[in-house]
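# Fold and contact review
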Amino acid sequence: MPMIDVYATAGTFPDTHALARTLATTLMRIEQVPDIPMFRENTAAFVHELTDDRLSNVEGESAYVRVQVLTNAGALDREKQVAVVEQFTRIVADAAGDPSLTARTWVLLTEAVDGGWGLGGRAHTNSELVDAARAQIAQLQAGGPA
């Protein structure tokens, strides 16, 4: 259940909710996780809007975007890492309506250590998350509630 954080100056994105939803949906697709409530409800993006005085490069410019993607360890192999960076960079620039933003968008990929992933008040290991997903899939296939 990845978490995505986007940091940009206020006003960079006209529709922050649409950006957050697009990034979350894209990450689920790239990760190739099952389309089940467990993943749909817990893959989320947060858009943090900063005032111009909260972000700067050496030159004093603040037209940058930072996207941090936190996944469980091993969720993204090299092909998926490349896809996340490429697609998120494009999505950010499209959402801002500024193609030049691709040169000023940083995408950081971070992995939580096994057992360092909390959900529902409990730290879960990767195998526990896999077991929970399998249990939900079986329940859905049997026609039960998720």
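Before going into details, it helps to say that this report is about the structure given with it. Bear in mind that the values here come from a model prediction, so they are computed numbers and not experimental data.

The rules behind each value
- Residues numbered from 1 in each chain as written.
- Predicted model: local features only at pLDDT ≥ 70, side-chain atom pairs only at ≥ 80, totals over all residues.
- Heavy atoms only, no water.
- Helix = DSSP H or I, 4+ residues; strand = E, 2+ residues; numbered from the N terminus.
- Buried < 20%, exposed > 50% of the residue type's maximum accessible area, 1.4 Å probe, protein only.
- Contact = heavy atoms within 4.5 Å.
- Lys, Arg positive; Asp, Glu negative; His and termini not counted.
- Charge placed at Lys NZ, Arg CZ, Asp CG, Glu CD.
- Pairing = 2+ DSSP bridges.
- Axes fitted to C-alpha atoms, helices over the stretch in contact; angles between N-to-C directions.

## Looking at the overall build of the protein chain
Of the regular secondary structure elements, the protein chain holds 4 helices and 6 strands. Shown N-terminal to C-terminal, the secondary structure of the protein chain runs as helices and strands in the order β-α-α-β-β-α-β-β-β-α. On the principal axes, the C-alpha backbone points of the protein chain span a range of 55 × 30 × 30 Å. When each of the 146 residues of the protein chain is scored for burial, the buried share is 38%. Within the protein chain, counting contacts between residues at least 6 apart in sequence, those at least 24 apart form 75% of the total. Each charge class in the protein chain can be summarised by its mean position, and for the 11 positive and 19 negative side chains these summaries are 4 Å apart.

## Overview of unusual backbone geometry
Phi at glutamine 32 is positive, roughly 65 degrees, even though this residue is not glycine. As for its position among the elements, glutamine 32 is in the loop between helix H1 (16-31) and helix H2 (37-40).

## Some thoughts on the sheet that holds strand E1 (residues 3-9)
In space, the 4 strands of this open sheet follow the order E2-E1-E3-E4, with mixed pairing throughout. The sheet is open, and its two borders are formed by strand E2 (44-50) and strand E4 (105-112), each paired with just one other strand. The average angle at which neighbouring strand axes cross in this sheet is 15 degrees, direction not considered. Two strands pair when backbone bridges link them, and E1 and strand E3 (residues 65-72) are joined in this way by 6 bridges, in the antiparallel orientation. Each bridged residue has a counterpart across the sheet, and for valine 6 the counterpart in E3 is valine 67. H1 rests against E1, E2 and E3 of the sheet, and its axis sits at about 140 degrees to E2.

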